[in-house]
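Breakdown of the fold
Here are the chains, one letter per residue:
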Amino acid sequence: MPPVAPRSGDAIFASVERVNAELFTLTYGAIVRQLLTDLEEVEEVNKQLDQMGYNIGIRLIDEFLAKSNVSRCVDFKETAEVIAKVGFKMFLGVTATVTNWDAEGTTCSLVLEDNPLVDFVELPDTCQGLYYCNVLSGVIRGALEMVSSYLNGRLGLSVDNLVSMKTEVTWIRDMLRGDDAFEMQVKLVKQVPEEYPYKDDE
């Protein structure tokens, strides 16, 4: 039986159940506001949003790979394109542009000109250090760290060459701070081979 072809971000977005966009945006805003009230320090809120995103990402990868039919990317460049064109479209309804690659092919930027998370949002002067969309950086980190475990455990692929991708995600531009787009720099820190507590002949 031939492999199932990967689906485009537009096709997936058109077929999945979606919540009301305005409700989603307002709910996220309420979460951020509550964190600001509880934690008081903006930097602590940034860390908490990133951790929330990470926890979401390690679970979201299951749904993403199951519905997109994406199996395994050849390299980090292909991975970035899948995130930008399929992942963002599937879950946020928008696509990102991949740009600013370094010579080694391990660092790039994901640029969003449209971001539904920030509809109706205006940061007060007291929150100028806040990375309002920091949940997205955490989602990317978490998903990339878990992708190898999913491919082996759920799709039955060979364990050869499966790796977990450790990444750093940093905000470079933010429209809430007056920039012309949202830009995240994604850096591949290292690739960790999947480890198993047994040998093939056992």
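Here's what I pulled together on the structure shown here. All values derive from a computational prediction rather than experimental measurement. (Residues numbered from 1 in each chain as written. Predicted model: local features only at pLDDT ≥ 70, side-chain atom pairs only at ≥ 80, totals over all residues. Heavy atoms only, no water.)

**Some details on the overall build of the protein chain**
A tally of regular secondary structure across the protein chain gives 5 helices and 4 strands. Counting from the amino terminus, the protein chain carries its helices and strands in the arrangement α-α-α-α-β-β-α-β-β. Across the 202 residues of the protein chain, 41% fall into the buried class. Contacts spanning at least 24 positions in sequence make up 62% of the contacts within the protein chain whose residues lie at least 6 apart. Per element, the accessible surface of the protein chain, about 11700 Å² overall, is 50% carbon and sulfur. (Helix = DSSP H or I, 4+ residues; strand = E, 2+ residues; numbered from the N terminus. Buried < 20%, exposed > 50% of the residue type's maximum accessible area, 1.4 Å probe, protein only. Contact = heavy atoms within 4.5 Å. Areas by Shrake-Rupley, 256 points an atom, 1.4 Å probe, with all protein chains shown as cover.)

**Overview of unusual backbone geometry**
As a rule of thumb, non-glycine residues mostly have phi less than zero, and peptide bonds are mostly trans rather than cis. Notably, Asn100 is not glycine yet its phi reads approximately 60°, a positive angle. In this fold, Asn100 is placed in the loop between strand 1 (97-99) and strand 2 (107-112). Its identity as a non-glycine residue notwithstanding, Phe120 has a phi of 75°, on the positive side. With respect to the element layout, Phe120 can be found in the loop between strand 2 and helix 5 (134-155).

**Overview of the packing of aromatic side chains**
Counting across every chain of the model gives 3 aromatic pairs. Arranged with centres 5.3 Å apart and planes meeting at 90°, the rings of Tyr28 and Tyr132 form a pair that is edge-to-face. Of the two residues, Tyr28 is situated in helix 2 (residues 21-39) and Tyr132 in the loop between strand 2 and helix 5; the sequence distance between them amounts to 104 residues. Tyr132 matches Tyr28 in its accessibility class, with the two residues each being buried. Ring centres 5.9 Å apart and planes at 90° place the aromatic pair Phe76 and Trp101 in the edge-to-face group. (Phe/Tyr/Trp six-rings, centres within 6.5 Å; stacked < 30°, edge-to-face > 60°.)

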